[in-house]
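If you want the building blocks of each chain, they are given just below.
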Amino acid sequence: MNDFTFQNPTTLVFGKTSTDQLPQMIEKFTEGKNILLTYGGGSIKKSGLYDRVIKLLDGYNIYELAGIEPNPRLSTVKKGVQIVKENKIDFILAVGGGSVIDGTKLIAAASTTDVDPWDIVTRKASVERAIPFGTILTISATGSEMNSGSVITNWETNEKLGWGSPHVYPKFSLLNPELLFTLPQNQTANGIIDSMSHLLEQYFNEATNTEIGDAMISGVMKAIMKAGPIAMEQPENYEARETTMLGATVALNGYLRLGYVGDWATHNLEHAVSAVYDIPHGVGLAIIFPEWMRYVSKKKPERFVKFAEDVFGIDDDTSNEDKINDAIDAISDFWSSLGAPTKLSQVGVKEEDLEVFADKTLIYGPFGNFYKLEKDDIMAIYKAAL
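In this report, the structure presented in the accompanying data block is examined. (Residues numbered from 1 in each chain as written. Predicted model: local features only at pLDDT ≥ 70, side-chain atom pairs only at ≥ 80, totals over all residues. Heavy atoms only, no water.)

Right, let's get into the overall build of the protein. Helix and strand content of the protein: 15 helices and 8 strands. Scaling as 2.2 N^0.38, a compact globule of 386 residues should have a C-alpha radius of gyration of about 21 Å, and the protein matches this with 20 Å. Here the C-alpha coordinates of the protein stretch approximately 65 × 45 × 40 Å along the principal axes. Per-residue burial for the protein yields a buried fraction of 58% across its 386 residues. Partitioning the intrachain contacts of the protein with sequence separation of at least 6 by distance along the chain shows that 78% fall at a separation of at least 24. In the structure as shown, the protein presents an accessible area of about 16000 Å², 48% of it carried by carbon and sulfur atoms. A distance of 5 Å separates the average location of the 35 positive side-chain charges in the protein from that of its 51 negative side-chain charges. (Helix = DSSP H or I, 4+ residues; strand = E, 2+ residues; numbered from the N terminus. Rg over C-alpha atoms; globule rule 2.2 N^0.38 Å. Buried < 20%, exposed > 50% of the residue type's maximum accessible area, 1.4 Å probe, protein only. Contact = heavy atoms within 4.5 Å. Areas by Shrake-Rupley, 256 points an atom, 1.4 Å probe, with all protein chains shown as cover. Lys, Arg positive; Asp, Glu negative; His and termini not counted. Charge placed at Lys NZ, Arg CZ, Asp CG, Glu CD.)

Two side chains of opposite charge can pair, provided their charged atoms sit close to one another. Applying the stated rule across the entire model yields 15 salt bridges. The closest approach of N and O atoms between Asp-116 and Lys-78, which form a salt bridge, is 3.4 Å. Residue Asp-116 is located in the loop between helix 5 (98-110) and helix 6 (117-121), and its partner Lys-78 is located in helix 4 (residues 74-87); the two are separated by 38 residues in the primary sequence. The class of Asp-116 is partly exposed, set by a relative accessible area of 32%. Classification of Lys-78 by relative accessible area gives partly exposed; the value is 37%. (Salt bridge = Lys/Arg side-chain N within 4 Å of Asp/Glu carboxyl O.)

The grouping of Met-1, Phe-4, Phe-6 and Tyr-255 at the surface amounts to a nonpolar patch, some 380 Å² of accessible area in total. Relative accessible area serves as the criterion here: at 35%, Tyr-255 is assigned to the partly exposed category. (Patch = residues over 30% accessible without salt bridge, like charges linked within 9 Å, V, L, I, M, F, W, Y side chains within 5 Å.)

Glancing now at unusual backbone geometry. At Asn-158, a position not held by glycine, the phi torsion is positive, near 55°. Classification of Asn-158 as partly exposed rests on a relative accessible area of 25%. The phi dihedral of Asn-209 falls on the positive side, at around 50°, and the residue is not glycine. Mapped onto the secondary structure, Asn-209 falls in the loop between helix 7 (185-203) and helix 8 (211-233). Given the relative accessible area of 55%, Asn-209 is considered exposed.

Bringing the sheet that holds strand 4 (residues 91-96) into the picture now. Reading across the sheet, the 6 strands line up as 1-8-5-4-2-3 and stay open at both edges, with parallel pairing between neighbours. The open sheet has two edge strands with one neighbour each: strand 1 (11-14) and strand 3 (61-65). Pairwise comparison of adjacent strand axes, ignoring direction, gives a mean angle of 20° for this sheet. The pairing of strand 2 (residues 34-38) with strand 4 spans 4 bridges and is classified as parallel. (Pairing = 2+ DSSP bridges. Axes fitted to C-alpha atoms, helices over the stretch in contact; angles between N-to-C directions.)

The next thing to look at is the packing of aromatic side chains. With the rule as written, the count across this model stands at 17 aromatic pairs. Residues Phe-307 and Phe-312 carry aromatic rings whose centres are separated by 5.9 Å and whose planes lie at 80° to one another, so their mutual orientation is edge-to-face. Residue classification places Phe-307 among the buried residues on the basis of a relative accessible area of 1%. By the ring-pair criterion, three or more aromatic residues cluster together here, those being Tyr-203, Phe-204, Phe-289, Trp-292, Phe-304, Phe-307, Phe-312 and Phe-370. Between the NZ or CZ atom of Arg-73 and the centre of the ring of Trp-155, over which it lies, the distance is 4.4 Å. Across the ring face of Tyr-364, the terminal group of Arg-123 is positioned such that the distance to the ring centre comes to 4.0 Å. (Phe/Tyr/Trp six-rings, centres within 6.5 Å; stacked < 30°, edge-to-face > 60°. Lys NZ or Arg CZ within 6 Å of the ring centre and 35° of its normal.)

Turning to the packing of helix 8 against helix 9 (residues 238-250), a few remarks are in order. Viewed as axis vectors pointing N to C, helix 8 and helix 9 meet at an angle of 140°, and their least axial separation amounts to 8 Å. By the criterion of interaxial angle, the relationship of helix 8 to helix 9 is oblique. In this structure, helix 8 meets helix 9 at a crossing whose hand is left-handed. Within the contact between the two elements, helix 8 uses Val-220, Ala-223, Ile-224, Ala-227, Gly-228, Ile-230 and Ala-231 and helix 9 uses Ala-240, Arg-241, Thr-243, Thr-244, Gly-247, Ala-248 and Val-250. Its residues assigned to classes, the contact of helix 8 with helix 9 shows 9 nonpolar, 4 polar and 1 charged. (Parallel < 35°, antiparallel > 145°, perpendicular 65-115°, else oblique. Left-handed = near helix turned anticlockwise from the far one by under 90°. Nonpolar A, V, L, I, M, F, W, Y, C, P; charged D, E, K, R; others polar.)

If a strand is regular, its side chains alternate between the two faces of the sheet. Of all 6 residues making up strand 4, 6 are buried, and the element is well covered by its neighbours. Side-chain alternation along strand 4 places Phe-91, Leu-93 and Val-95 on one buried face and Ile-92, Ala-94 and Gly-96 on a second face that is also buried. Examined bridge by bridge, strand 4 and strand 5 (residues 133-137) share 5 bridges and lie parallel to one another. Pairing of Leu-93 across the sheet is with Gly-134, part of strand 5.

Attention now moves to empty space enclosed by the protein. Under the criterion given, the structure shown has 2 cavities of 30 Å³ or more. Quantified by volume, the largest cavity comes out at close to 70 Å³. The wall of the largest cavity is formed by Ser-140, Leu-183, Gln-187, Thr-188, Gly-191, Ile-192, Ser-195, Ile-224, Arg-241, Thr-244 and Ala-248. Within the residue set of the lining of the largest cavity, elements represented by two or more residues are helix 7 and helix 9. When residues in the lining of the largest cavity are grouped by element, the largest group, 5 residues, is from helix 7. Partitioned by chemical class, the residues of the lining of the largest cavity number 4 nonpolar, 6 polar and 1 charged. Taken as a whole, the second largest cavity encloses approximately 30 Å³ of empty space. (1 Å grid on protein atoms, 1.4 Å probe; cavity = no way out; pocket = protein on both sides within 12 Å on 5 of 7 lines; lining within 4 Å. Points joined across faces, edges and corners; volume = space filled by probe spheres on them.)

Okay, structure coming up:
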């Protein structure tokens with residue numbers, strides 16, 4: 001393992017009564033009365049959650065930013081910053097999934113400065129502080145409810161970039177698995193794929209002696225793969241939702257990468273695609289991740305053999321190459337069984353797009369901590385995924 005320091009300041013409140021604790025949690029972090037409520041396309045109103053939250057916020061002055069997109073856009077973030085500044089917002093409450101929370105993080109950070117929010121995303125400006133915020137999670141996928149990362153899309157330039165700051169950990173996150181009961185199947189599937197991809201990104205890491213991390217990642221992966229199909233078939237199965245929800249949070253709150261960073265190349269590859277085509281993040285990952293695995297496993301096979309053994313118990317007398325291929329096929333087949341596409345062409349991508357994607361991924365140069373991808377590598381993976 002590499003030397004490490006770990007801290008996660010987010011208070012996680014998990015369970016059926018978690019939402020009821022909203023007033024007490026806000027009181028811990030602000031004495032002010034002006035609250036900005038951020039949310040997405042309106043599903044929280046259809047489900048009744050909006051009315052419940054408004055009732056719980058009785059006594060506060062509530063301002064709203066609705067319509068944060070599935071790939072949160074810079075233009076929407078700027079609207080939120082304007083609301084915060086004009087109304088002297090004391091606290092922000094994000095009600096939704098990872099996209100709502102990601103957008104809220106940039107609003108919280110950019111509202112304390114006069115710099116353009118995109119300068120924060122592109123690392124031209126640093127974050128010194130942020131408006132405090134909390135979350136009520138309605139989609140389990142990104143883990144943004146308990147980490148300091150965020151991904152923002154600049155639709156005008158077709159760029160989708162990740163950024164982060166210790167100042168944008170949520171103060172609290174309220175997770176009630178019952179809020180997932182009304183999720184459409186495709187959103188459930190995309191969340192499962194996203195959380196599994198986070199586990200894969202961390203399993204393929206640059207460190208040595210990661211047995212503790214390997215065991216935890218493998219265990220969470222297997223738990224999600226067991227509960228995920230049940231949640232798809234039985235949307236109101238509380239235990240299945242409980243497992244997938246907590247699994248998605250643990251997959252990216254830092255607990256599973258103590259002593260290593262992980263690779264993260266595949267997320268970069270996917271961001272370039274969804275920045276142009278605006279496809280769901282989970283869809284892009286389901287297409288690209290198996291091709292990254294097939295390509296990189298030929299360069300560094302040892303780790304992939306261990307993955308096949310740890311996650312799928314493939315430890316028979318077959319060749320290492322067969323073990324690797326069987327494990328990759330198992331991942332791809334599982335995602336396909338959830339309804340995910342397997343090729344970029346299925347979501348409209350054309351061959352002439354691939355070099356555009358490749359150039360976007362290289363904005364900061366060659367990337368990938370487990371295996372460094374140059375442009376030739378990137379093009380080979382995209383072509384295989386087409």
